[in-house]
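Examining the three-dimensional arrangement
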Amino acid sequence: DGGITQSPKYLFRKEGQNVTLSCEQNLNHDAMYWYRQDPGQGLRLIYYSQIVNDFQKGDIAEGYSVSREKKESFPLTVTSAQKNPTAFYLCATKTGAQDYGYTFGSGTRLTVV
Amino acid sequence: GESVGLHLPTLSVQEGDNSIINCAYSNSASDYFIWYKQESGKGPQFIIDIRSNMDKRQGQRVTVLLNKTVKHLSLQIAATQPGDSAVYFCAETSGSARQLTFGSGTQLTVLP
C-alpha cells in the first residue's frame with residue numbers, strides 16, 4: 001500500500017477500553033490523516049497533521065486522540081469516550097505538493113465486543 | 001460544510017460494457033478532483049485526477065469528465081472487467097489546506 005503500514009489489520013475492543021491504531025509511513029510525506037469509514041458510507045476525517053508536533057481536529061474528533069512525535073508515525077487512540085467505535089479506520093498521507101492525491105494504508109477494522 | 005455526493009449508490013454492468021459513475025459536488029471553489037477505487041477490506045487507490053482548468057482527462061481505460069457549469073464529475077470505465085468491481089469515490093479539494101472531501105461512493109458490480 002505505497003509505503004504506509006497500518007496495524008493491526010483487525011482489532012477487538014472491550015467496552016470501556018482505550019485502543020491505539022498504528023500508522024507508519026516511509027514515503028517522507030509531510031501530512032498524515034485519519035479517516036473513519038462506516039459500511040455504505042464515505043470517509044469522514046477524524047484528525048490530521050501537516051507537520052511534526054502539530055495536529056488538528058477533523059469533522060468527528062470526539063472520542064479520539066492522536067500524536068505526531070515523528071514524521072513517520074501518526075498513531076490514533078480510540079478512547080472509551082467514543083461510543084460507537086466499530087468501523088474501518090484508514091490512515092493516509094500526502095506530500096507537500098499542491099495538487100496530489102492521498103496515499104492510503106490498508107486499514108484497520110475495529111470491532112467492539 | 002460543503003459536500004460531495006454521488007447520484008447512485010450501486011451500479012451493475014455487463015462485462016465488456018462501458019461504465020459511467022457520476023458525482024455531484026457543491027463547492028464551486030473546488031479546483032482539483034480525484035477518483036479513487038476501493039476494493040473490499042482495502043484502502044482506496046488513486047485512479048485518475050483532473051484540475052478545474054480541464055474538462056476531460058484520459059488514462060488507461062478510464063476517462064474523467066468535469067462539467068463546472070453544473071458541478072458534475074463522471075468516471076467512465078471502458079470495457080469493464082470483473083476486476084473493476086469495487087466502490088468508487090470521488091473527492092474534491094480547494095483552498096490552501098488542500099484537504100480532500102469524499103463522496104459516499106458507488107458500488108460497481110460487473111456481471112459475467
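Each remark here, short or long, concerns the structure printed above.
Calculation criteria
- Residues numbered from 1 in each chain as written.
- Chains lettered and ligands numbered in written order.
- Predicted model: local features only at pLDDT ≥ 70, side-chain atom pairs only at ≥ 80, totals over all residues.
- Heavy atoms only, no water.
- Salt bridge = Lys/Arg side-chain N within 4 Å of Asp/Glu carboxyl O.
- Buried < 20%, exposed > 50% of the residue type's maximum accessible area, 1.4 Å probe, protein only.
- Helix = DSSP H or I, 4+ residues; strand = E, 2+ residues; numbered from the N terminus.
- Pairing = 2+ DSSP bridges.
- Axes fitted to C-alpha atoms, helices over the stretch in contact; angles between N-to-C directions.
- Phe/Tyr/Trp six-rings, centres within 6.5 Å; stacked < 30°, edge-to-face > 60°.

Topic: the pattern of salt bridges
Counted by the stated rule, this structure contains five salt bridges over all chains. Notably, a salt bridge pairs A:Asp38 with A:Arg36, separated by 3.0 Å at the nearest N-O pair. We note a salt bridge from B:Arg57 to B:Asp49, for which the minimum N-O separation is 2.1 Å. Each of the salt bridges in this network shares a partner with another, and the network as a whole consists of A:Arg36, A:Asp38 and A:Arg44.

Considerations on the pairing of strand 2 (residues 10–13) of chain A
All names here are of chain A. Here strand 2 shows a clear split, with Leu11 and Arg13 buried on one side and none of Tyr10 and Phe12 buried on the other. Bridging between strand 2 and strand 11 (residues 108–112) involves four bridges; their strand directions are parallel. Paired with Leu11 across the two strands is Leu110, which belongs to strand 11.

Considerations on the sheet that holds strand 3 (residues 19–25) of chain A
Hydrogen bonds between backbone atoms are what pair the strands of a sheet, whose relative direction is either parallel or antiparallel. Residues and elements named next belong to chain A. Taken together, the four strands give an open sheet; going across it, the order is 1-3-8-7, and neighbouring strands pair in antiparallel fashion. Here the strands that pair on one side only, and so sit at the sheet edges, are strand 1 (4–7) and strand 7 (64–66). Taken over all neighbouring pairs, the strand axes of this sheet differ in orientation by 20° on average, direction set aside. Sheet topology places strand 1 next to strand 3; four bridges connect them, and they run antiparallel. Its bridge partner being in strand 3, Ile4 is matched across the sheet by Gln25.

Overview of the packing of aromatic side chains
Remark: the centre distance and the inter-plane angle together describe each pair of aromatic rings, the angle taken between the planes. The full count for this structure, using the stated rule, is 15 aromatic pairs over all chains. Ring plane angle 90° and centroid distance 5.4 Å describe the contact between A:Phe104 and B:Tyr36, whose orientation is recorded as edge-to-face. Taken together, the positions of A:Phe104 in strand 10 (residues 103–104) and B:Tyr36 in strand 4 (residues 32–38) put the pair across two chains. Comparing A:Phe104 with B:Tyr36 shows no difference in burial state: the two are buried. Taking 4.7 Å as the distance between ring centres and 50° as the angle between the ring planes, the aromatic pair formed by B:Tyr25 and B:Phe33 counts as tilted.

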